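Chains, contacts and geometry: an overview
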Amino acid sequence: MGLNVTNAGTIGLPNVRNNPQGPPSMEYPINSGIEHLFEGGLWIGAQVNGNIAVSTASLDDASGYATGKGGFEFSPKIGSNVTTRSSLTNSNYFSTAAISHQDYLLHFTDAYTVVPGTQTPIQDHTLPLNADVRLETYAWNFAYADFFVLANYTIKNNSGFRWDSVYIGFWSDLVVRNVNVSTDRGAAFFSKGSVGYEDSLKAVYAYDINGDVGFTN
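Each value, and the rule that gives it
Residues numbered from 1 in each chain as written. Predicted model: local features only at pLDDT ≥ 70, side-chain atom pairs only at ≥ 80, totals over all residues. Heavy atoms only, no water. Helix = DSSP H or I, 4+ residues; strand = E, 2+ residues; numbered from the N terminus. Rg over C-alpha atoms; globule rule 2.2 N^0.38 Å. Buried < 20%, exposed > 50% of the residue type's maximum accessible area, 1.4 Å probe, protein only. Contact = heavy atoms within 4.5 Å. Areas by Shrake-Rupley, 256 points an atom, 1.4 Å probe, with all protein chains shown as cover. Lys, Arg positive; Asp, Glu negative; His and termini not counted. Charge placed at Lys NZ, Arg CZ, Asp CG, Glu CD. Pairing = 2+ DSSP bridges. Core = buried A, V, L, I, M, F, W, Y, C linked by side-chain atoms within 4.5 Å. 1 Å grid on protein atoms, 1.4 Å probe; cavity = no way out; pocket = protein on both sides within 12 Å on 5 of 7 lines; lining within 4 Å. Points joined across faces, edges and corners; volume = space filled by probe spheres on them. Nonpolar A, V, L, I, M, F, W, Y, C, P; charged D, E, K, R; others polar. Salt bridge = Lys/Arg side-chain N within 4 Å of Asp/Glu carboxyl O. Phe/Tyr/Trp six-rings, centres within 6.5 Å; stacked < 30°, edge-to-face > 60°. Lys NZ or Arg CZ within 6 Å of the ring centre and 35° of its normal.

We now examine the overall build of the chain. When helices and strands are counted, the chain shows one helix and 13 strands. In the chain, the order of α-helices and β-strands from amino to carboxyl end is β-β-β-β-β-β-β-β-β-β-β-α-β-β. In terms of C-alpha radius of gyration, the chain reaches 18 Å, essentially the compact-globule figure of 17 Å for 217 residues. With respect to the three principal axes, the spread of C-alpha positions in the chain is 55 × 45 × 40 Å. When burial is assessed residue by residue, the chain has 39% of its 217 residues classed as buried. Expressed as a percentage of contacts within the chain between residues at least 6 apart in sequence, the contacts between residues at least 24 apart total 57%. By element, 52% of the accessible surface of the chain is carried by carbon and sulfur atoms, the whole surface being about 12000 Å². Across the chain, the mean location of the 11 positive side-chain charges is 5 Å away from that of the 19 negative side-chain charges.

Encoded structure:
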C-alpha cells in the first residue's frame, strides 16, 4: 500500500486522479493505479470554558486542501520537520528506534489561526483547541502485512484549559477507482461506488460498483 500523509494533518492526495503517475493517495496494490481515498483527516471536538470547539484537518471539498481554506484547520508545528526512519539495516533511514520498515513522524497543531510563514488567515478558524498532535505511521513490506498502514496519533491539550466531553474522529472521502484507466472527472468520478460498515470489525469499507469494471478487483 502507498499512503500519502502530510504535516498539515491530512491523508490522501486529491490530485491523484489528474496525475496518476505521481505519488499515490491510498493505492493498493502498489503501482496498480487502484486508489481508495480522495482525502481524509483528524477531527477533534470538546467543550472548553463553556464553548464547543471543533478542529478539523479535512472535510468534504471538491478540490481538497488549500492554504487557509476553511475546514483545513491544522498546520505544521513551527520548528518541526517530517522525518522518516526504517528498521531495515540496508536503508538510508535505518534507526534502532524504528517500529516498521518505513516510519513517518509528523507534528502538527490547530493552535494557529494564520498559516505559519504567511499572512493568510485560516478561514473561520476562530476557536482553536490548541491541540498538539504527533502522528507516526508504520508500514511493512512483508507479504502478510503490506496491505495496511498503521497511524498512531498522540494528542496533547496545550490550551491551559480543561477539555471536557472530548470527541475524536476521523473523516475520510473514500472512493475506489483505477486512475490509470478512468476518464471520469468531477462528480462522475465519485458516483460509481458505495460504502458500508462491518459491525463485527468496527470497520468502514468502500468499493467500486461499475466505474472501472475489471480494473478495480
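Moving residue by residue along a regular strand, the side chains alternate between the two faces of the sheet. Counting buried residues along strand β9 (residues 131-139), seven of its nine residues qualify, which places the element largely inside the surrounding structure. Where β9 meets strand β10 (residues 150-157), eight bridges bridge the pair, whose relative direction is antiparallel. For Glu136, the partnering residue across the bridge sits in β10 and is Asn152.

For Ser32, the location among the structural elements is in the loop between β3 (26-27) and β4 (34-48). Accessibility expressed as a relative area gives 22% for Ser32, which makes it partly exposed. On a C-alpha basis, the gap between Ser32 and Asn180 in space is 8.0 Å, while along the polypeptide they are 148 residues apart. Sequence-distant contacts of Ser32, defined by excluding residues within four places in its chain, comprise Glu27, Asn178 and Asn180.

What follows deals with the nonpolar core. Ile44, Phe74, Leu129, Ala131, Val133 and Trp163 are the most contacted members of the largest nonpolar core, which totals 18 residues. Within the residue set of this core, elements represented by two or more residues are β4, β8 (102-109) and β9. For this core, the element with the most residues is β4, which contributes five residues.

Regions of empty space are outlined by a rolling probe, equal in size to a water molecule, passed over the atoms. In this structure, the largest pocket occupies an estimated 560 Å³ of space. Among the elements of the structure, β4, β9, β10, β11 (164-178) and β13 (203-208) are those that each provide at least two residues to the lining of the largest pocket. Among the elements that line the lining of the largest pocket, the one with the most residues is β11, at four residues. When grouped by side-chain class, the residues that make up the lining of the largest pocket number 19 nonpolar, three polar and no charged. When its volume is computed, the second largest pocket comes out at roughly 330 Å³. Lining of the second largest pocket is provided by 19 residues; of these, Met1, Gly2, Gln102, Ala139 and Trp140 occupy positions nearest its centre.

Glancing now at the pattern of salt bridges. Under the counting rule described, the total for this entry stands at seven salt bridges. The residue Arg85 makes a salt bridge to Glu136 at a minimum N-O spacing of 3.2 Å. With Arg85 in strand β7 (residues 83-85) and Glu136 in strand β9, the pair connects residues that are 51 residues apart, well separated along the chain. A salt bridge links Asp184 to Arg177, with the nearest nitrogen and oxygen atoms 2.9 Å apart. The network of salt bridges with shared partners includes Arg177, Asp184, Lys192 and Asp212.

The next subject is the packing of aromatic side chains. Under the definition given, this model contains nine aromatic pairs. Seen in terms of ring centroids, Tyr65 and Phe72 are 5.6 Å apart; in terms of plane orientation they differ by 85°. Their pairing is edge-to-face. Seen in terms of ring centroids, Phe142 and Tyr144 are 5.2 Å apart; in terms of plane orientation they differ by 5°. Their pairing is stacked. Judged by relative accessible area, Tyr144 falls into the exposed class, the value being 61%. Directly above the aromatic system of Phe189 lies the positively charged group of Arg17, at a separation of 5.4 Å from the ring centroid. Cation over ring: Arg177 sits above Phe189, and NZ or CZ is 5.3 Å from the ring centre.

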